[in-house]
Amino acid sequence: MNKESMENIFLQLRAEIERAENIIVFSHVSPDGDTLGSNLAISLMIEKYFNKKVDSTYVGVLPSLYSYLPEFNRFIDVQTIDKTKKYDLAIAVDVASKDRMVSGTILFDNAKFKVNIDHHKTNIGYADINIIDGDAACVGVILYKIFKSWNLEIPTDVARCIYTSLLTDTGGFKYENTTPETFMLAADLVSLGVSPTYEFRACYETKPQSMVQFQAYVVTNTSFYNGGKIAFAKITRGDMSKFGATDDFTEGIVEVLRTSKNVEIAAILKETKEGYTKVSLRSKTVDVTPIVIDFGGGGHTFAAGCTIKKPIAIAFDKLLKRVQSELE
Ligand SMILES: [Mn+2]
């Protein structure tokens, strides 16, 4: 999309915010730093400059890891909202497909006007306004452009939220999506008062001890295939209960597996409460989206996921065969 039509869409979004009385913002299930940081950023901007009531919502488990974010306590579990409620405006951030809002999808659908702000290439554009930039490192980048185009000053709190979105989705400024734009935005955010040291510590150096030990356990029990090019880590509910692990305990394990020189594709397979298998795939150079699409998932070129509705042992074998075929 060219710059001018983007600017027009940003203005249209502004007009919709001005028109709306009540607004709801959605994050995706298994929320990460981008979807939560972006949710807070747009919620805080709307309340500050447009004086509208915003419900900032999450679905599933809200990772306490991000509790250092400004106004984190404003997050509402979407489950607790009356499903017949009709919002004037619904905004989804970092939500690749509508079903990623899970039980919130109905509230999104029922809203008078729907907005989808995302950077997943697989996003088909399911709203009235779709602001999708597959080249953006994170949704925070897109939001920053939107706020700039509205000529609004960005307070430090909002800059911090955008910084977390950028920091986490670039894996600490090291993934393929890290571009000159990434660093220029980071520079802007730091000049707006963000402390990179503080945010890094808050985000990456505050794990509970049990999480560090759980992660070491999972890494120790990882299976390697194809001369070490493939790393598959299996996590059962039993493993989780042994360490008192919550869902966010798996965050960062795949990054450890990637540090092995030979590893090309790393996968975390986690047994869900329903007995299915949640898969998170990361790669160094191979496009993993065709793999996850085969299993009904989606995501980015080098970072994608899916849920395989099979017991973990079966899902493991199926996925391994599929990944091996992709490498051959
Ligand atoms: Mn994202």
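How each quantity is defined
Residues numbered from 1 in each chain as written. Predicted model: local features only at pLDDT ≥ 70, side-chain atom pairs only at ≥ 80, totals over all residues. Pairing = 2+ DSSP bridges. Helix = DSSP H or I, 4+ residues; strand = E, 2+ residues; numbered from the N terminus. Contact = placed C-beta atoms within 7 Å. Axes fitted to C-alpha atoms, helices over the stretch in contact; angles between N-to-C directions. Buried ≥ 20, exposed ≤ 12 C-beta atoms within 10 Å, placed from the backbone. Expected span 1.5 Å × (residues − 1). Arc of directions from axis to C-beta. Parallel < 35°, antiparallel > 145°, perpendicular 65-115°, else oblique. Left-handed = near helix turned anticlockwise from the far one by under 90°. Nonpolar A, V, L, I, M, F, W, Y, C, P; charged D, E, K, R; others polar.

J.: Even after reading the chapter, I still don't get the sheet that holds strand β7 (residues 223-225), so can you show me in this structure?
T.: Whether parallel or antiparallel, the strands of a sheet pair through hydrogen bonds between backbone atoms. Spatially, six strands are ordered β7-β8-β9-β10-β12-β11 in an open sheet, and the strand pairing comes out mixed. This sheet does not close on itself; its edge strands, each paired only once, are β7 and β11 (298-299). Across three bridges, the pairing between β7 and strand β8 (residues 230-235) is antiparallel. Opposite F224, over in β8, you have A231 as the bridge partner. Lying over the sheet, helix α12 (residues 312-327) contacts β7, β8, β9 (265-271), β10 (277-283) and β12 (303-308), oriented at roughly 165° with respect to β9.

J.: I would appreciate a short explanation of the environment of P208 in the present structure.
T.: Locating P208 in the fold gives a position in the loop between α7 (196-204) and α8 (209-220). Classification of P208 by C-beta neighbours within 10 Å gives partly exposed; the count is 15. Separated by 123 residues in sequence, P208 and K85 place their C-alpha atoms 38 Å apart.

J.: Is there a simple way to explain the sheet that holds strand β1 (residues 22-26) in this structure?
T.: The sheet built from six strands is open, its strands ordered β3-β2-β1-β4-β5-β6 with parallel pairing. Two strands lie at the open edges of the sheet, namely β3 (76-77) and β6 (129-132), each paired on one side alone. In the sheet, strand β2 (residues 53-58) pairs with β3 via two bridges, with the strands oriented parallel. Looking across to β3, one finds that Y58 is bridged to D77. Running over the sheet, helix α2 (residues 33-50) touches β1, β2 and β4 (89-93) and is turned about 175° from β2.

J.: I'm lost on α8 in this one. Help?
T.: What sets the pattern is the α-helix's 3.6 residues per turn: residues three or four places apart point alike. The end-to-end C-alpha distance of α8 is 17 Å, a good match for the 16 Å that twelve residues give at a rise of 1.5 Å each. For α8, the full list of buried residues reads M211, F214, Q215 and V218. End-on view of α8: buried residues confined to an arc of 100°, all on one side of the axis. The exposed set on the far side of α8, more than 90 degrees from its buried face, consists of Q209, A216 and T220. Looking at the buried side of α8, the elements it contacts are β8, α9 (237-243) and α10 (253-258).

J.: It is not clear to me how the packing of α2 against helix α5 (residues 156-169) should be interpreted in this structure. Could you clarify?
T.: For any two helices packed against each other, one specifies the crossing angle of their axes together with the interaxial distance. Two numbers describe how α2 lies on α5: the axes approach to 8 Å, and their chain directions differ by 160°. Of the possible angle classes, the one that applies to α2 and α5 is roughly antiparallel. Judged by the twist between their axes, the crossing of α2 over α5 is left-handed. On α5, the residues touching G33, D34, G37, S38, L40, A41, L44 and M45 of α2 are D157, V158, C161, I162, T164, S165, L167, T168 and D169. The class makeup of the residues in the contact of α2 with α5 is eight nonpolar, six polar and three charged.

J.: Would you mind going over the environment of H120 with me for this structure?
T.: Tracing the backbone through its elements, the reader meets H120 in the loop between β5 (113-118) and β6. As for H120 and G299, which are separated by 179 residues in sequence, their C-alpha atoms are 6.1 Å apart.

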